Amino acid sequence: MRIPMVDLRAQFLDIEPEIKEKLNEIIESTRFILGPNLDALEKEIASYHGVKYGVGLASGTDALHLSLRSLGIGQGDEVITTTFTFIATAEVISYIGARPVFVDIDPSTFNIDPSKIEGKITDKTKAIMPVHLFGQPADMDPILSMAGHYNLMVIEDSAQAFGAEYKGKKVGAFGDTGCFSFYPSKNLGCYGDGGMLITSKSDIAERAKSLRNHGSKELYHHSEIGFNSRLDEIQAGILRVKLKRINEYNRKRRDKALIYSERLKGLPLIFPEERPERHHVYNQYTIRTKKRDLIRNSLKDKSIASVIYYPLPLHLQEVYRDLGYREGDLPESEKASKEVLSLPIYPELTEGHIDEICEVIRKALS
């Protein structure tokens with residue numbers, strides 16, 4: 001595509017000397033697994049979020065998965081989450097033999113609707129897993145209040161929201177754990193797969209570190225069946241270079257989002273809404289329109305990328321058919337899936353490119 005969803009090459013060229021210096025340092029050290037860069041990155045990310053511990057993992061999916069296991073959630077338990085998200089959010093609940101219980105969204109934010117959570121709590125419910133979708137913080141106060149009242153754990157899926165804030169506090173730092181993905185297209189991304197779990201509870205951090213390393217706390221001694229889920233030194237080193245720039249990257253994303261909203265003003269579109277006391281980081285800039293396919297085809301004709309996140313809510317996916325959900329059960333999510341369209345957004349996106357994208361959309365709707 002002439003205008004891609006994200007231009008990783010442009011970002012790389014800006015930081016190329018520092019990236020190459022870091023890679024050379026790591027290769028010359030021959031420390032590739034559980035080395036000093038991972039240790040430093042865990043401390044830096046924990047400090048950035050105001051928590052005590054970070055546990056570097058092989059993916060954001062593993063951060064969610066090992067959070068559940070570290071919290072003792074398992075067979076027969078229930079975890080309440082949103083239906084409007086990537087499959088990994090629910091997939092990890094299934095990994096451990098628990099049941100995902102899906103809740104509808106607030107249509108203005110695409111995040112889980114707290115007012116619909118309490119009615120889904122049963123004696124099997126062990127946790128709530130909100131997702132800070134597209135970089136927009138979920139409404140954490142009522143979620144935490146319910147969790148406290150019913151003695152539930154909270155696992156934050158912050159895969160798309162590194163650096164986002166709710167009432168001045170960074171997302172991921174509210175729950176028992178916060179989970180991040182460093183997939184290359186994320187606002188803080190590495191050059192492969194990667195993830196991290198953050199927490200202020202030492203027992204959770206220790207258990208997660210054991211689980212990521214084959215259930216081992218001491219070399220060749222294994223207290224449980226674990227996994228191979230270690231964030232490697234090369235990815236950790238790359239992330240350390242980018243972490244120093246994350247606030248700048250997020251500021252530029254917010255600037256691009258503002259330009260989009262100004263340029264598209266007056267068109268029959270619904271724009272992303274940043275709620276009061278929330279700091280949106282725009283991992284995606286997602287509009288809503290009943291003419292989505294018309295706009296998407298018009299953009300494609302001009303070699304401009306766009307993506308539908310997500311075309312089918314999880315409660316209607318074939319893999320979860322046995323849970324018994326039917327079309328119409330979670331109407332806001334179902335409606336959103338037919339209307340959402342994410343436009344290119346990244347720090348290096350030029351104002352000229354945004355003007356071009358908006359002009360194509362304007363002509364398509366005229």
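In short, a report on the structure. (Residues numbered from 1 in each chain as written. Predicted model: local features only at pLDDT ≥ 70, side-chain atom pairs only at ≥ 80, totals over all residues. Heavy atoms only, no water.)

### Some details on the environment of Thr122
Quick reminder of the rule: A run of DSSP states H or I qualifies as a helix once it reaches four residues; a run of E qualifies as a strand once it reaches two. Both are numbered from the N-terminal end. Counting of polar contacts relies on pairs of N or O atoms within 3.5 Å, with two restrictions inside protein: one atom must be capable of donating a hydrogen and the other of accepting it, and residues adjacent in sequence are counted only when both atoms are side-chain atoms.
Of note, Thr122 is situated in the loop between strand E3 (99-103) and strand E4 (125-129). Counting along the chain gives 28 residues from Thr122 to Tyr150, while the straight-line C-alpha distance between them is 9.6 Å. A distance of 2.8 Å separates a polar atom in the side chain of Thr122 from a polar atom in the side chain of Glu78.

### Topic: the sheet that holds strand E6 (residues 165-166)
What links the strands of a sheet is backbone hydrogen bonding, and the strands pair in either a parallel or an antiparallel sense. Put simply, the rule reads: Note on pairing: DSSP must find at least two bridges between two strands before they are called paired.
Strands sit in the order E7-E6-E12 across an open sheet of 3 strands; the sheet is antiparallel. Since the sheet does not close on itself, it has two edges, and those belong to strand E7 (169-170) and strand E12 (278-279), each with one partner. Of the strand pairs in this sheet, E6 and E12 are connected by 2 bridges, and their pairing is antiparallel. When the bridges of E12 are listed, Tyr166 appears paired with Arg278.

### Describing the packing of helix H2 (residues 36-49) against helix H7 (residues 233-243)
Stated precisely, the cut-off is as follows: Here an angle of 0 to 180 degrees is reported between the N-to-C directions of two axes, which are lines fitted to C-alpha atoms, with helices fitted over the stretch in contact. Working rule for angles: under 35 degrees goes down as roughly parallel, over 145 as roughly antiparallel, 65 to 115 as roughly perpendicular, anything else as oblique. A clockwise turn of the near helix away from the far one marks a right-handed crossing, whereas an anticlockwise turn of less than a right angle marks a left-handed crossing. Note on definitions: a residue-residue contact is assigned when non-hydrogen atoms from the two residues lie within 4.5 Å.
Contact pair H2 / H7: the axes reach a minimum separation of 8 Å and the direction vectors enclose 40 degrees. The angle between H2 and H7 places the two elements in the oblique class. Seen from above, H2 lies across H7 with left-handed handedness. On the side of H2, the interface is formed by Pro36, Asn37, Leu38, Ala40, Leu41, Glu44 and Ile45, while H7 contributes Glu233, Ala236, Gly237, Leu239, Arg240 and Leu243.

In short, shape yes, function no, at least from these values alone.
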